[in-house]
Amino acid sequence: MSAVLEVRNLVKEYPGLTAVAGISFSVDEGSCFGMLGPNGAGKTTAMEIMEGIRSASSGEILYRGKPIGADFRNEAGMQFQSTALQDHLTVRESLQLFRGFYKHGADLDELIETCSLEQLLNRDNRKLSGGQRQRLLLAIALVNDPKILFLDEPTTGLDPQARRNFWDLIEKIKQRRTTVLLTTHYMDEAYILCDTIAIMDHGKFIAHGSPESLLKEHFSDVIIELPREDFRVPPASLPWTIHEKIDSVEISVASVSEALAKLLELGVGIDRIRIRPRNLEDLFLELTGTELRA
Amino acid sequence: MIARILSILHARNIEFLRDRSALGWNILLPVLLVLGMGAIFSGDGRAMFKVAVLQQAELVDLTAHPFLQTRFIDFYAVSDLDDALAKLSRHQMDMLISPAAEPPQYWINESAPKGYMLEKLIAGTGSSDFSRGTVSGTAIRYVDWLLPGILGMNMMFSCLFGVGYVVVRYRKNGFLKRLKATPLTPFEFLTAQVLSRLVLIMGVTAMVFAGTSYLIDFKMSGSYLALFVVATLGATCLISTGLLVAVRTASEELAGGLLNMISWPMMLLSGVWFSLEGTPQYVQNIAGLFPLTALLKAARNIMLDGAGLAEVMPQVSQLAAMTIVLLAIGAWLFRWQED
């Protein structure tokens, strides 16, 4: 696989703020790259620089080995975090407007079918629900049949059905070998869609790799979760890291069988325990901390 | 490039036409103004008389003749006799006097009631030494004179706010940012905005022109082609002015303030409501820089005096030159969004 996008030491400074503090990575053709991070981590700024919407303070971005040029806009599809469309236009007219900007592009009927917009074509685009609107914005991002697609928090604010529906859409797009870059707050979304992820905080990548390799690299344990009332042992007497929550207790253990034997020996009821592997959310919180971001 | 311009042009036209309240207001306002102003002013309720004094000095020496001390008359100096007589015939002044001539002389327009009144006033000051001159001109009602002003003013507001506000709103809500992500260039975008507003404003103005003509049968002496050229250029120039306000800002409040700052002086000083005759020279110099002044001067020359395109060439050239300069600066300064 060859790198379709290469970012080298990208920096974006505003007066009194370094939004992007030197990130470097490359994205392979046909893969999906996800940037995760708390609010204000610099994900959107970094993405908008890659899209050519903002300028970088320093650093280099190469698309197919060359600096971003005029061709890039014809080959890239973009969906911003919040996009206003022109008032008073229907879904079909909005699609036609954007299709008119490109010489070559997707067949509109096909696109309408892919994004399930058939029933909405004559609706004023201001009267769409959140999920419908995101599908229209995705269709607009795909109107030029892009080789590379940028999605900035595409499922934020959507209900669970709409999110799953959106993931299916992205899977379809990935099958066409379109390279996808996305930012998200949802760890499950990143885990399902992305081949490579980067966790970003304070403008820097603090972890970068495939979801599986990152989990393997950072965690060797699994979590045993049990209701608080079942756990009547003084935590200090146990050899594990224990995280007490309001209703439950999370025990981090290296070996489940040893841990269960020990718990039984101490007389802890294990009928209601749950065992889960470490997930991206654990990794995210471990790396970025749990305190609330402004 | 053409396809991209047509795409955005088409979408903008749909947006405008579907915004029924704005469209209705764009048509209704000028009709109401013409009817209202026509009703108020056709009786000529203004108390002030305008008397031009033929002399070389800029300030009128009010002691030169007892008549010049009459109150409630606006005396102002003019230096060119032929020009002044032409204005008298068009009712842009009520009387012309030359107190320094030997013997002193006055001219009135025989079709003007105010001229008759002023003649009686002169007689009342005991100034029997004046010799009498007259001009005649087809009576131009105030409403004939006002109509080009109203249409021009409506054009100005529509061009300035219609384009300026729309672009600022697009920038504020992020639509311009989305357009930046496409191959559309600022030049293509701005061209489409100018064309869209131009077509719409010319259509609306033509409709109002035809409707008003049916309702109050105003004077139209010159060529429709010349008027069309002048109106098109004037509108393009005003749209370019509006775009210049909107090249950077994403604040509707700031844009509104700037547009008001541009439109109010034009509305007051471009000769929409009253002739600038008799105002200080510096006021006329400033007003001369406004696109609306050139537009109205040319339109009135065509409509009231039957001027052809050749005769309004100075205004046509001024509007064309200003348009090119304003558009060039606009395209150069334009930003889709703050970086």
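Here the structure is a predicted model, which means the values were calculated and not measured.

The next thing to look at is the domain arrangement of chain A. Considered domain by domain, chain A is made up of domain 1 (3–216) and domain 2 (220–277). Here domain 1 of chain A and domain 2 of chain A have C-alpha centroids that lie 41 Å from each other.

As a further point, take the interface of chain B and chain A. For an interface, size is often stated in terms of accessible area lost upon the parts coming together. At the interface, 21 residues of chain B touch 22 residues of chain A. Where the side of chain B that touches chain A is concerned, the elements lending two or more residues are α1 (2–18) and α6 (175–180) of chain B. The dominant element in the side of chain B that touches chain A, judged by the number of residues it contributes, is α1(B), at nine residues. Along the lines of polarity and charge, the residues of the side of chain B that touches chain A split into nine nonpolar, four polar and eight charged.

Right, let's talk about the domain arrangement of chain B for a bit. All names here are of chain B. We note that the domain assignment places domain 1 (2–40 + 141–333) and domain 2 (49–135) within chain B. Taking the mean C-alpha position of each, domain 1 and domain 2 sit 37 Å from one another. Taken together, the five residues of domain 1 in the interface contact eight residues of domain 2.

A few words on the sheet that holds strand β8 (residues 179–184) of chain A. Strand pairs in the sheet, formed through backbone hydrogen bonds, run parallel or antiparallel to each other. All names here are of chain A. Overall, mixed pairing links the six strands, which are arranged β6-β7-β8-β3-β9-β10 in an open sheet. Either end of the sheet is taken by a strand with one partner, and the two such strands are β6 (76–79) and β10 (204–209). On average, adjacent strands in this sheet sit at an angle of 15° to one another, irrespective of strand direction. Of the pairings in the sheet, the one linking strand β9 (residues 196–201) to β10 comprises five bridges and is antiparallel in character. The partner of Met200 across the bridge, within β10, is Phe205.

Between the first and last C-alpha of helix α8 (residues 224–245) of chain B there are 32 Å, a value that for 22 residues agrees with the 32 Å anticipated at 1.5 Å per step. Buried residues dominate α8(B), accounting for 17 of its 22 residues.

Here we come to unusual backbone geometry. Here the amide bond leading from Glu102(B) into Pro103(B) is cis, since omega sits at 0°, within 30 degrees of zero. The residue Pro103(B) is located in the loop between β3 (95–98) and β4 (105–109) in this model. A positive phi angle, near 70°, is found at His88(A), a position not held by glycine. In this fold, His88(A) is placed in the loop between β6 and α3 (91–99). Owing to 18 C-beta atoms within 10 Å, His88(A) belongs among the partly exposed residues under this scheme.

Analysis parameters
Residues numbered from 1 in each chain as written. Chains lettered and ligands numbered in written order. Predicted model: local features only at pLDDT ≥ 70, side-chain atom pairs only at ≥ 80, totals over all residues. Domains from an automatic or database assignment. Contact = placed C-beta atoms within 7 Å. Helix = DSSP H or I, 4+ residues; strand = E, 2+ residues; numbered from the N terminus. Nonpolar A, V, L, I, M, F, W, Y, C, P; charged D, E, K, R; others polar. Pairing = 2+ DSSP bridges. Axes fitted to C-alpha atoms, helices over the stretch in contact; angles between N-to-C directions. Expected span 1.5 Å × (residues − 1). Buried ≥ 20, exposed ≤ 12 C-beta atoms within 10 Å, placed from the backbone.

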